[in-house]
Amino acid sequence: MQQIASIWVSLDMRKRIIVVASTLAMFVAVIGLSRMATSTQMTLLYAGLESGAAGEVVKALEARGVVYDIRGGSIFVDTSQRDSLRMTLASEGLPANGGKGYELLDGLSGFGTTSQMFDAAYWRAKEGELARTIVASPLIQNARVHIANTSTQMFRQRNEPSASVTVTTASGALPGGQAKALKFLVASAVPGLLPERVSVIDSRGGLIAAGDEKTDLPSLASDRALILKQNVERLIEARVGFGNAVVELNLETVTEQESVRERRFDPETRVAVSTDTLETSNSAKDSEGAGVTVASNLPDGDAAASGNSSSNTSETRERINYEVSETTREVITAPGAIKRLTVAVLIDGIRTINDAGNEVWSARSADELASLRELVAGAVGFDEARGDQITIKSLEFEPVPTVGSAPVSGLLSGLTIDVMSLVKVFALAVVALVLGLFVLRPILASRPAEIATETATASASAAIAPPPSAAPGSTDASTLPAVVDTPARGEIVPADLSEMTGPDPVERLRNLIAERQSDTVEILRGWMEEDEEVAR
């Protein structure tokens, strides 16, 4: 402690400030890095939970004595315990985002439970189960379901049930197809509920109207084109190899809906529906006598003769009813039908090695390209009348340069070592070493050198000055003190100064005076001034 105090006294103000600042910085760095190295590394356990569900999770963690940290709406725990905690909490039904379901009915007993209470609990359980099913979708983060059913109310007009669904998506707005699926899900779970009477509300986009639920035709067309492209690529690469074929497919679909009604009459293809035949026959006979005359009174006269007449009439009528052939056709063209399809396939050629060891490229034969074209036409449903086109070319591919190297397993990849903890400890050691070597050591090392220099100077002065008891001009070697050369700044002075004295002190003193004449003159001048003051 005395040495430290003497060093501190010998320092000037600037060096004292540097020592104090360096010491504080080293302590702060050591404490901070020690805390970082020894602190628990926290990782995310759950995020985006409701207040009730988050409270239940925190309560379960406190019951187990687990260290946790709450940052906003997220819960963080120790990295080593995260997976086990998730499995344990899941076995207990935590976290429960969708509310309670049919387990609400387990708490109802037959005593003291009215029909109204049971119906209310039943519909509440139904809403909870539907919310659980909706939250199971990766697109939806939270959901609430409300069902309005008035069929159990007596003495009131029974209205059709209705329902509403409020969802919070994980990212972006809820797609129209997903909203339509939610409507059918809720309508199928409630008897008598129609999908049109289910309202879907997005917390970010608001109410999803009926028009927003229509299928996104561009997305369907792109998905269908992607499927056809993958089919063609898989078919071509089976022959030419992976990476040796590039397929581009353009699919044009019908975006409007068309309805055509057609009615045709064909007179050449008439059909007899009914036949009506009418036959009429008429017969008449008439006898007429002669007139009374003179001759008629004679025995052989005209009186003996008489006249007869008859008539027959026959008529046939036939009526046939014909029905003319009629054809009625109604054609409805829905959006999404393929309007036109174009396929472009680029295939690399065949690469071989010649006798010189060089790589030679050659195009594929026309027969092979024709065979591949037939395969592509069958895969995409080629229709020439529709205007479809298929183009297959064999061209040389440019070589792709290799960038980087293949990943290899690290040295510590197979060891269960916390790398971050090692990095923190290493940083702590480096900071302590830097502060010790480059700040404190130069300051502390300068003081012993100065002390050694002062000690050597005092010894040299004592060697030059004769002792008080000696007579002037006396050169007794036994009475002379040890003579030590003044060490240069930074040199190490031996602890035992007797080791530096030679066998002949007088000769050593002479050599010292000869080497340091200026110091000797100053010492002698000081003695002379002291003698003058004493004489006065």
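Scroll up to find the structure.
All of these numbers come straight from a predicted model, not from anything done at the bench.

A. Structural view of the overall build of the chain. Along the chain, the regular secondary structure elements total twelve helices and 14 strands. The buried share among the 536 residues of the chain stands at 23%. Per element, the accessible surface of the chain, about 37,200 Å² overall, is 56% carbon and sulfur.

B. Representation of the pairing of strand 11 (residues 338-347). The sheet contact formed by strand 8 (residues 245-253) and strand 11 spans nine bridges and is antiparallel. Bridge pairing in strand 11 links N250 to T342.

C. Up close: the sheet that holds strand 2 (residues 68-71). Spatially, the three strands line up as an open sheet ordered 1-3-2, and their pairing is antiparallel. Strand pairing shows two members of the sheet lacking a second neighbour, strand 1 (42-47) and strand 2, which therefore form its edges. Within this sheet the neighbouring strands show an average axis-to-axis angle of 30°, counted without direction. Bridging between strand 1 and strand 3 (residues 74-78) involves five bridges; their strand directions are antiparallel. The partner of Y46 across the bridge, within strand 3, is I75. Strands in contact with helix 4 (residues 82-91) are strand 1 and strand 3; relative to strand 1, the strand with the most contacts, it is inclined by about 25°.

D. Here's a closer look at a nonpolar patch on the surface. Residues W8, V9, V20 and L24 make up a contiguous nonpolar surface patch of roughly 380 Å² in combined accessible area. If you list the elements that add at least two residues to the nonpolar patch, you get helix 1 (2-10) and helix 2 (13-38). Mapped onto the elements, V9 comes out in helix 1.

E. The pairing of strand 12 (residues 350-353), seen in detail. Note: strand 12 against strand 13 (residues 359-362), four bridges, orientation antiparallel. Looking at strand 13, one finds that T352 is bridged to V360. Linking two consecutive strands that pair antiparallel, namely strand 12 and strand 13, is a turn of five residues; a positive phi of about 85° is found at G357 within it.

F. Structural context of the packing of aromatic side chains. On inspection of all chains with the given rule, the structure shows one aromatic pair. Taking the centre distance of 5.3 Å and the plane angle of 70° together, the rings of Y122 and W123 count as edge-to-face. Owing to a relative accessible area of 16%, W123 belongs among the buried residues under this scheme. Above the ring of F76, the side-chain terminus of R71 is found at 4.2 Å from the ring centroid. Here R373 stacks its cationic end above the ring of F382, 5.6 Å away from the centre of that ring.

G. Highlighting helix 3 (residues 51-64). An ideal rise of 1.5 Å per residue puts 20 Å on 14 residues; helix 3 measures up with 20 Å between its terminal C-alpha atoms. A53, V57, V58, A60 and L61 are the residues of helix 3 that are buried. Buried residues of helix 3, viewed axially, fall in a sector of 160°; they line one side. Seen from the buried face of helix 3, the exposed residues on the opposite side, beyond 90 degrees, are S51, K59, E62 and A63. Positive backbone phi, at 70°, marks G65, one or two positions downstream of helix 3.

H. The side chain of E127, seen in detail. By the element assignment, E127 lies in helix 5 (residues 115-135). It is R144 that comes nearest to the buried, bridge-free E127 among opposite-charge side chains, at 6.5 Å. Within the local environment of E127, its side chain forms a polar contact with the backbone nitrogen of I147, the two atoms lying 3.0 Å apart. For E127, the contacting residues outside a window of four places in its chain are V145, H146 and I147.

Calculation criteria
- Residues numbered from 1 in each chain as written.
- Predicted model: local features only at pLDDT ≥ 70, side-chain atom pairs only at ≥ 80, totals over all residues.
- Heavy atoms only, no water.
- Helix = DSSP H or I, 4+ residues; strand = E, 2+ residues; numbered from the N terminus.
- Buried < 20%, exposed > 50% of the residue type's maximum accessible area, 1.4 Å probe, protein only.
- Areas by Shrake-Rupley, 256 points an atom, 1.4 Å probe, with all protein chains shown as cover.
- Pairing = 2+ DSSP bridges.
- Axes fitted to C-alpha atoms, helices over the stretch in contact; angles between N-to-C directions.
- Contact = heavy atoms within 4.5 Å.
- Patch = residues over 30% accessible without salt bridge, like charges linked within 9 Å, V, L, I, M, F, W, Y side chains within 5 Å.
- Salt bridge = Lys/Arg side-chain N within 4 Å of Asp/Glu carboxyl O.
- Phe/Tyr/Trp six-rings, centres within 6.5 Å; stacked < 30°, edge-to-face > 60°.
- Lys NZ or Arg CZ within 6 Å of the ring centre and 35° of its normal.
- Expected span 1.5 Å × (residues − 1).
- Arc of directions from axis to C-beta.
- Lys, Arg positive; Asp, Glu negative; His and termini not counted.
- Polar contact = N/O pair within 3.5 Å; in protein donor to acceptor, adjacent residues only side chain to side chain.

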